[in-house]
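Structure assessment
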Amino acid sequence: MLAFVSLVAGLLLSADPLDSLPPGTSVLTERPLESMRASVQESFGTIERHNVDDGPDQEVIRADVVKRPQKPYDVQIRFPTDRTVAKGEVLLVRFSARAVARSPETDEAVLTVVFEQAGPPHRKSLSRTLEIPKDWQRFDLPFRADETLEIGRAQLGFQLGYDPQTIEIGGIQLLSFGPEMDLASLPTTRSTYEGQSPDAAWRAAAAQRIEEHRKGDLIVTVLDPSGSPVPGAQVEINMLRHAFAWGSAVTAELLTADTDDARKYRETVAKLFNRVVFENDLKWPNWERTEQRQTLMDATVWLEDAGIEIRGHCLVWPSWRYLPKEVASLADNPAALRERVNGHVTEEASALRGRLAEWDVINEPYTNHDLMDVLGNEAMVEWFRLARQADPEVRLFINDYGILSARGRDAAHQDHYERTIRFLLEQQAPLEGIGLQSHFGDDLTPPPRLVQVLDRFAQFGLPLLITEHDINIADEALQAEYTRDFLTAVFSHPAVAGVLTWGFWEGRHWRPQGAYFRRDWSVRPAGQVWLDLVHDQWWTRDSGATDASGQRKIRGFLGRYEVTATAEGRSVRDTVTITREGSRLTLTLAEPSR
Ligand code: 9MR
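Residues numbered from 1 in each chain as written. Predicted model: local features only at pLDDT ≥ 70, side-chain atom pairs only at ≥ 80, totals over all residues. Heavy atoms only, no water.

1. Examining the site of the ligand
For clarity, the threshold we go by: In this text, near means that some heavy atom of the residue lies within 4 Å of the molecule or strand in question. Side-chain atoms alone can form a polar contact between residues adjacent in sequence; in general such a contact is a pair of N or O atoms within 3.5 Å, and within protein one must be able to donate a hydrogen while the other accepts it. Surface exposure here means Shrake-Rupley accessible area, sampled with a 1.4 Å probe, where a residue is shielded only by the protein chains that are shown. Classes in brief: Ala, Val, Leu, Ile, Met, Phe, Trp, Tyr, Cys and Pro nonpolar; Asp, Glu, Lys and Arg charged; the others, Gly included, polar.
The immediate surroundings of the ligand are formed by E279, N280, K283, H313, W317, N363, E364, Q437, H439, E468, W502 and W510. Separating an oxygen atom of the ligand from a side-chain N or O atom of H313 is a distance of 2.7 Å. A total of 450 Å² of accessible area belongs to the ligand in isolation, and the protein chains cover 72% of it. Tallied by class, the residues present in the shell around the ligand amount to three nonpolar, five polar and four charged.

Right, dumping it as structure tokens:
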């Protein structure tokens, strides 16, 4: 019977080639709308069944959001599974949707589709945030189940709690194709973002800003031993190092270990990056493990020798769960707690004095504020002052997530960050830089929006740093495309001082599919984008002859250069830094030897 049904379904579906799917079994009840569970508080909007005459079904679901709740899942429809889903099974969510009304403020309509555990912690095998167009569009989202979940223990969810919007959803199916199915053979709706097209308007503006803010003029003058200009001298100008920080999170262990992977790891770090941040080694609980100090110090020495700057992450991550366990036991004793935290800031910052370029003094204060809840916000000011006393040269940063990511639409998070920065500056905390983490899922922020958010945080006149960039999506082509656009947009913004990716190798990455290099060290397309942009397109190499006045003039990316001039069989070489103000270098050829 089942085979017959899928055969008939297959025949019907094959009318449209886009529709054709291999035979699968439904994981939902026969009429999903009957088993639907809607959850929404009245103040946020309504969810109703609704009849349409041009939709995928006669009856669809209409969600009307009138006010943005705190979390997307505060407005949600769920469909419990009607059979057990086994780990490794290949599934496909298919549905159609249209936006009847878009957010008046952002002109967007979005929803997140999840396949997850039906109860806490709601672990997800699928989570996709999609932009919904004005007219009905069908979405196909194939995925593999990460775990076995008995009938009813998993659910398909549509989260709609974004800015005010009205979205209709119909034709909902969740099909299983068993474990053998090739995921890539199923239809997939790719994520898109505004500004993705090759002729999008923001590109020319970004290219112009890059030309203006990221380059400087260099005049090389070649003189003979008597001080006269030498026309026609051959001059080679080679970039050695970017002024802009291009970096990654690293682990002390792999910077010091004696394995093939560790050697490859170090080689890659030295080739790709001029700044790094320890992913975990400097966090307070890790720092307390003094038996690991030697590895950390060895890694630091290796980096110093390689000329790679180090940013410290992080002195205080103010949530009990990120602090050493016994710190929470001081929650009822503010004086002791304050002393313990202050003591730590002074101790760690002093121990690393002179070795770090930057410190994240505070990490993620929006979500993590247990310490401030007990000690007051003034405690943050104190941590900055103590860090400054302990290490007068290091640049002091604050760092948070959710500012540029997720379409740059988390207004509450952004507002809080702005308020916190303003508070610290008003209190004269020595805050010198603003970290924007930039972890992305598939809700990719349109590049023009990135620039808007960067403008907002540039108002303080402090350097902005992209501290933890990654794109955790399976679609490698899209990942590469967005890597290119993200790097271009942030490099074009004059307030941005650098970009660090949160790890680069799949063998050591918190989101392995986000890594530039696969486990076997083959490069993913996104990694190739980094190489092409940072080491080619934005890297200056010049070669040519001096003009009649003995000069060679170029415009090059800001950074350090090696310049070699050759004439009449003699060569002279020196280094120079190209700055925004423009630089000059005079090379004097030696007397010919007799
Ligand atoms: O990638 C880090 C992971 O290995 C750690 O287990 C985790 C907890 O210390 O922290 C991760 O890094 C986080 C960073 O410190 C702050 N921003 C979010 C990062 C990813 O969770």
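2. Focus on the packing of aromatic side chains
Two aromatic rings are characterised by how far apart their centres lie and by the angle between their planes. Worth spelling out the cut-off: Only centres within 6.5 Å qualify two rings of Phe, Tyr or Trp (six-membered ring in Trp) as a pair; their planes then separate them into stacked at under 30 degrees, edge-to-face at over 60, and tilted for everything else. Starting at the N terminus, helices and strands are each numbered in turn, a helix being any DSSP run of H or I of at least four residues and a strand any DSSP run of E of at least two. Note on classification: 1.4 Å probe, protein chains only; a residue is buried when its accessible area is under 20% of the maximum for its type, exposed when over 50%, partly exposed between these limits.
All chains considered together, the criterion is met by 25 aromatic pairs. Their ring planes at 80° and their centres at 5.5 Å tell us that W246 and W530 sit as a pair that is edge-to-face. In this pair, W246 sits in strand β14 (residues 245-250) while W530 sits in helix α14 (residues 525-537), placing the two residues 284 residues apart along the sequence. An identical accessibility class is assigned to W246 and W530; each is buried. Note on F504 and W521: the rings are 6.3 Å apart at their centroids and 45° apart in plane angle, and the pair reads as tilted. Taken as a pair, F504 in the loop between β22 (496-501) and α14 and W521 in the loop between β22 and α14 lie far apart in primary sequence, 17 residues in all.

3. Quick look at the sheet that holds strand β8 (residues 124-131)
By way of backbone hydrogen bonds, the strands of a sheet pair with one another, either parallel or antiparallel. Put simply, the test is: A pair of strands is treated as paired once DSSP finds two or more bridges between them. Note on definitions: angles span 0 to 180 degrees between N-to-C directions of axes, and those axes are lines fitted to C-alpha atoms, for helices only across the stretch in contact.
A sheet is described by the order of its strands in space; here five strands give the open sequence β2-β5-β10-β7-β8, paired in antiparallel fashion. Bordering the open sheet on either side are β2 (37-40) and β8, each of which pairs with just one other strand. Across the sheet, the axes of successive neighbouring strands diverge by a mean angle of 15°, strand direction being ignored. For strand β5 (residues 75-80) and strand β10 (residues 154-159), the ladder comprises five bridges, and the chain directions are antiparallel.

4. Some points on the side chain of R311
Using the following cut-off: Residue contacts are counted whenever heavy atoms from the two residues lie within 4.5 Å of one another.
With respect to the helices and strands, R311 occurs in strand β16 (residues 309-316). On the accessibility criterion, R311 (1% relative accessible area) is buried. A distance of 2.5 Å separates a polar atom in the side chain of R311 from a polar atom in the side chain of E358. In terms of polar contacts, R311 uses its side chain to reach the side chain of D360, at 2.8 Å. Not counting residues up to four positions away in its chain, the partners in contact with R311 are V276, V277, F278, E358, D360, F397, L465, T467 and L500.

5. What to know about unusual backbone geometry
Here the amide bond leading from P120 into P121 is cis, since omega sits at 5°, within 30 degrees of zero. The residue P121 is located in the loop between β7 (110-117) and β8 in this model. In the segment running from H313 into C314, the intervening peptide bond is cis, with an omega of 0°. Tracing the backbone through its elements, the reader meets C314 in strand β16. We note that E364 has phi near 55°; this positive angle belongs to a residue other than glycine.

6. Quick look at the sheet that holds strand β12 (residues 215-223)
With mixed pairing, three strands are arranged side by side in an open sheet as β24-β12-β27. Edge positions in the sheet fall to β24 (551-557) and β27 (583-588), since each has one partner strand and no second. With strand direction ignored, the average angle separating the axes of adjacent strands in the sheet is 20°. As paired elements, β12 and β24 share seven bridges and run antiparallel to each other. The residue of β24 that forms the bridge with I219 is K553.

7. Section: the pattern of salt bridges
Quick note on the threshold: The term salt bridge refers to a side-chain nitrogen of Lys or Arg lying within 4 Å of a carboxyl oxygen of Asp or Glu.
On inspection of all chains with the given rule, the structure shows 48 salt bridges. For E168, the salt bridge identified is with R62, shortest N-O distance 3.0 Å. Placement of the pair is E168 in strand β11 (residues 165-176) and R62 in strand β4 (residues 59-65), with a sequence separation of 106 residues. Judged by its relative accessible area of 1%, E168 falls in the buried class. Where E568 meets R570, a salt bridge forms, and the shortest distance between an N and an O atom there is 2.6 Å. On the basis of relative accessibility, which here comes to 66%, the residue E568 falls in the exposed class.

8. Points about the nonpolar core
Within soluble globular proteins, side chains that are nonpolar generally end up buried alongside one another. The condition is simple: Buried residues of nine kinds, namely Ala, Val, Leu, Ile, Met, Phe, Trp, Tyr and Cys, make up a nonpolar core once their side-chain atoms join them within 4.5 Å.
Counting 121 residues, the largest nonpolar core has V269, F278, W359, W383 and F504 as the members making the most contacts within it. Those residues in contact with V269 that sit more than four places away from it in its chain are V250, L255, V276, W302, L303, I308 and F504. Grouped together as the second largest cluster of nonpolar side chains are 38 residues, L33, M36, A109 and F158 included.

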